[in-house]
Amino acid sequence: MNTNSNAYIIIYSAVMVVIVAFLLAFVYQALKPMQDANVALDVKKQILYSLNIRNLDGAEAEAKYAEVVKDEQEQDGQKTYACEIDGKAVKVVSLKGMGLWGGISGYLAIDEEGKVYGAYFNHEGETAGLGAEIKDSQAWQEKFIGKQIWDEQGNVVLSVVKKVENPATQVDCVTGATLTSNGVDAMLKDGLKNVKPNAEEE
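Criteria and cut-off values
- Residues numbered from 1 in each chain as written.
- Predicted model: local features only at pLDDT ≥ 70, side-chain atom pairs only at ≥ 80, totals over all residues.
- Heavy atoms only, no water.
- Helix = DSSP H or I, 4+ residues; strand = E, 2+ residues; numbered from the N terminus.
- Rg over C-alpha atoms; globule rule 2.2 N^0.38 Å.
- Buried < 20%, exposed > 50% of the residue type's maximum accessible area, 1.4 Å probe, protein only.
- Areas by Shrake-Rupley, 256 points an atom, 1.4 Å probe, with all protein chains shown as cover.
- Lys, Arg positive; Asp, Glu negative; His and termini not counted.
- Charge placed at Lys NZ, Arg CZ, Asp CG, Glu CD.
- Salt bridge = Lys/Arg side-chain N within 4 Å of Asp/Glu carboxyl O.
- Contact = heavy atoms within 4.5 Å.
- Pairing = 2+ DSSP bridges.
- Axes fitted to C-alpha atoms, helices over the stretch in contact; angles between N-to-C directions.
- Core = buried A, V, L, I, M, F, W, Y, C linked by side-chain atoms within 4.5 Å.

Caption draft 1: Main features of the overall build of the protein. Within the protein, the secondary structure is distributed over five helices and seven strands. Its C-alpha radius of gyration of 23 Å places the protein more than 25% over the 17 Å reference for a compact globule of 202 residues. Projected onto its principal axes, the C-alpha coordinates of the protein cover approximately 85 × 40 × 30 Å. By residue count, 36% of the 202 residues in the protein fall in the buried class. For the protein, the accessible surface area stands at approximately 12,000 Å², while carbon and sulfur atoms represent 54% of it. A distance of 3 Å separates the average location of the 19 positive side-chain charges in the protein from that of its 29 negative side-chain charges.

Structural data, given as structure tokens:
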């Protein structure tokens with residue numbers, strides 16, 4: 001066979017494409033259970049982060065999650081987790097929104113008084129050192145702890161602002177990342193508007 005002919009090149013290329021595609025599909029299927037397990041573990045760790053439980057390895061995180069998370073529910077695509085920390089009920093709410101360069105997400109833990117017990121935020125592609133601080137800065141996430149979430153009428157008053165005027169409900173935005181901070185604020189407002197404080201569910 002003439003290896004320089006167009007027919008040979010086309011057939012050879014087609015065979016190689018089929019072989020490579022088969023190999024990639026095989027590797028993907030072989031690794032998928034491991035990938036799914038890693039994703040599930042990462043979600044559990046993020047929920048634990050919102051409960052101020054950090055620095056656990058995989059096995060420790062799995063065990064702690066099983067210990068503190070008592071129930072999981074989903075409504076309209078939003079998940080809530082009923083947890084117990086030191087004998088006290090804490091509810092974790094999943095949140096989704098949009099940042100400057102893509103999606104943002106997070107988990108907000110709510111104590112029995114309707115205040116923030118803890119918070120963790122994540123992003124798909126925010127700028128390192130700026131918008132990415134919503135994920136990378138534990139200190140910024142900890143600013144939410146103790147903030148009141150709802151007013152007496154049940155309106156969401158927790159907010160991220162440029163200038164804090166009410167320390168009971170407001171958190172300083174991330175310096176240099178106004179649009180991402182606005183995204184977090186909108187995510188909180190939208191994600192918490194249909195959530196009830198623990199006391200109202202008793």
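Now that the structure has been shown, we can carry on.
Caption draft 2: Molecular detail of unusual backbone geometry. For Asn55, which is not glycine, the phi torsion reads 60° and is therefore positive. Counting through the fold element by element, Asn55 comes out in the loop between helix H1 (6–50) and helix H2 (58–68). Phi is positive for Asp86, which is not a glycine, with a value near 50°. You can call Asp86 exposed: its relative accessible area is 77%.

Caption draft 3: Expanded view of the pattern of salt bridges. Taken as a whole and assessed by the stated rule, the structure comprises five salt bridges. Salt-bridge contacts for Glu62 lead to Lys44; the nearest nitrogen and oxygen are separated by 2.8 Å. Within this pair, whereas Glu62 is found in helix H2, its partner Lys44 is found in helix H1, the two being separated by 18 residues in sequence. Relative accessible area serves as the criterion here: at 34%, Glu62 is assigned to the partly exposed category. The residue Lys64 makes a salt bridge to Glu67 at a minimum N-O spacing of 3.5 Å. Note that Lys64 and Glu67 are positioned in helix H2 at a spacing of three residues, about one turn of the helix. For Lys64, a relative accessible area of 27% gives the class partly exposed.

Caption draft 4: Spatial organisation of the side chain of Ser159. One can find Ser159 in strand E6 (residues 159–161). The class of Ser159 is buried, set by a relative accessible area of 9%. In contact with Ser159, other than residues within four places in its own chain, are Thr169, Gln170, Val171, Asp185 and Lys189.

Caption draft 5: How the structure looks around the sheet that holds strand E1 (residues 69–75). Strand order across the open sheet formed by five strands is E1-E2-E3-E4-E5, with antiparallel pairing between neighbours. Edge positions in the sheet fall to E1 and strand E5 (116–123), since each has one partner strand and no second. Sheet twist, expressed as the average angle between the axes of neighbouring strands with direction ignored, equals 20°. Of the strand pairs in this sheet, strand E3 (residues 88–98) and strand E4 (residues 103–110) are connected by eight bridges, and their pairing is antiparallel. The partner of Val93 across the bridge, within E4, is Leu108. Here H2 sits on the sheet in contact with E1 and strand E2 (78–85), set at roughly 80° to E1.

Caption draft 6: Just the environment of Lys135, in detail. Along the chain, Lys135 turns up in helix H3 (residues 133–136). Here the alpha-carbon distance between Lys135 and Gln73, two residues 62 residues apart in the chain, equals 25 Å. Apart from residues lying up to four places away in sequence, Lys135 is in contact with Tyr120, Phe121, Asn122, His123 and Gln141.

Caption draft 7: Examining the nonpolar core more closely. Grouped together as the largest cluster of nonpolar side chains are 25 residues, with contacts concentrated most on Leu108, Phe121, Trp140, Phe144, Val184, Leu188 and Leu192. Mapped by element, the contributors of at least two residues to this core are E3, E4, E5 and helix H5 (178–192). Here this core gets four residues from one element, more than from any other, and that element is H5. Not counting residues within four places of it along the chain, the set of residues in contact with Leu188 comprises Leu95, Leu108, Phe121, Phe144, Val156, Leu158 and Val160. The next biggest cluster of nonpolar side chains, apart from the first, holds 16 residues, and it includes Leu51, Ile53, Cys83 and Tyr107.

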